[in-house]
Amino acid sequence: MLTGRRAVVTGGGKGFGQALCVGLSREGIEVDFCARRSEDIDNTCEMVRAEGGIARGYLCDLTLTESVQQFAAQLTTVEKPIDILILNAAQWLSGTLDNQQEIEIITTINSGVTGSILLTKALLPSLRRSEGADIISIISACAIPHFTDSIAHPAFFAGKHGLSGFTSLLSEQLASENIRVTGLYPPDFETTSVDALIDNQAKMGQQLLNGRSIWETIRFLLLQPRSCHISSIYFKGPTRETLKSVQ
């Protein structure tokens, strides 16, 4: 059902973004992704191609408008429409308001929300040419109202709340065009590969969510018929701080 489709993943050079690229390619999907380092691009491409998949990597810094524009221009030179856009990249920042430099706050906001908005806008014409496109935002539990159980910096919270608002409204506006938009709100999770084993014996709240579970949720979303539009998925689970406090 997914074979032959084309996906774009932000932050696909390492961690969960890399796992997403591998998982998507195993479904027969062509993967375009961005990363900030050429060596990370090479690593992801090698992993995908070693399994017979198709992957194309591009340098892009989502904190820089010019870099986002260049990435989008490279993507839209390919005639094949974009069927799947996964907004995964975001700069992590921890601490309190007064212990981080202004530049760190600015880049955190830009990577977490501004870059994703500008990229989505630039790719909309290609997404509209798809017979049925999906946009998936990997947001965070930090964007859930009244959630504060995290060491994340206020700027990280702000960026994720911004991405949440953008995703929610876009989900309503693009539904009439047969473009599904879904926001995922995971807590802390292990950025494992899609092959990672899941401990089915552990009770709820005893360990961090496994990255494979996030991937399986995304795969579930993509496999649903177009009549099924899930706008938001919230996950329950402990944070690293919660687990440390009970040890």
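Preceding this section is the structure that the text describes.
Residues numbered from 1 in each chain as written. Predicted model: local features only at pLDDT ≥ 70, side-chain atom pairs only at ≥ 80, totals over all residues. Heavy atoms only, no water.

What follows is about the layout of surface pockets. When its volume is computed, the largest pocket comes out at roughly 1100 Å³. Taken together, 40 residues form the lining of the largest pocket, with Asn88, Ala89, Ala90, Gln91 and Trp92 sitting closest to its centre. Mapped by element, the contributors of at least two residues to the lining of the largest pocket are α1 (15-26), β2 (30-35), α5 (154-174), β7 (189-190) and α7 (240-246). It is α1 that provides the largest number of residues to the lining of the largest pocket, a total of three residues. The residue makeup of the lining of the largest pocket, split by class, is 18 nonpolar, twelve polar and ten charged. (1 Å grid on protein atoms, 1.4 Å probe; cavity = no way out; pocket = protein on both sides within 12 Å on 5 of 7 lines; lining within 4 Å. Points joined across faces, edges and corners; volume = space filled by probe spheres on them. Helix = DSSP H or I, 4+ residues; strand = E, 2+ residues; numbered from the N terminus. Nonpolar A, V, L, I, M, F, W, Y, C, P; charged D, E, K, R; others polar.)

Another aspect to go through is the sheet that holds strand β6 (residues 180-185). Strand order in this open sheet of seven strands is β3-β2-β1-β4-β5-β6-β9, and the pairing throughout is parallel. Edge positions in the sheet fall to β3 (55-59) and β9 (232-234), since each of these pairs with one other strand and no more. Ignoring strand direction, the axes of neighbouring strands in this sheet form an average angle of 15°. Where α5 meets the sheet, it contacts β4 (84-87), β5 (134-138) and β6, and its direction lies at approximately 155° from that of β6. Packing of helix α6 (residues 211-223) onto the sheet brings it into contact with β4, β5, β6 and β9, and relative to β6 it is tilted by some 160°. (Pairing = 2+ DSSP bridges. Axes fitted to C-alpha atoms, helices over the stretch in contact; angles between N-to-C directions. Contact = heavy atoms within 4.5 Å.)

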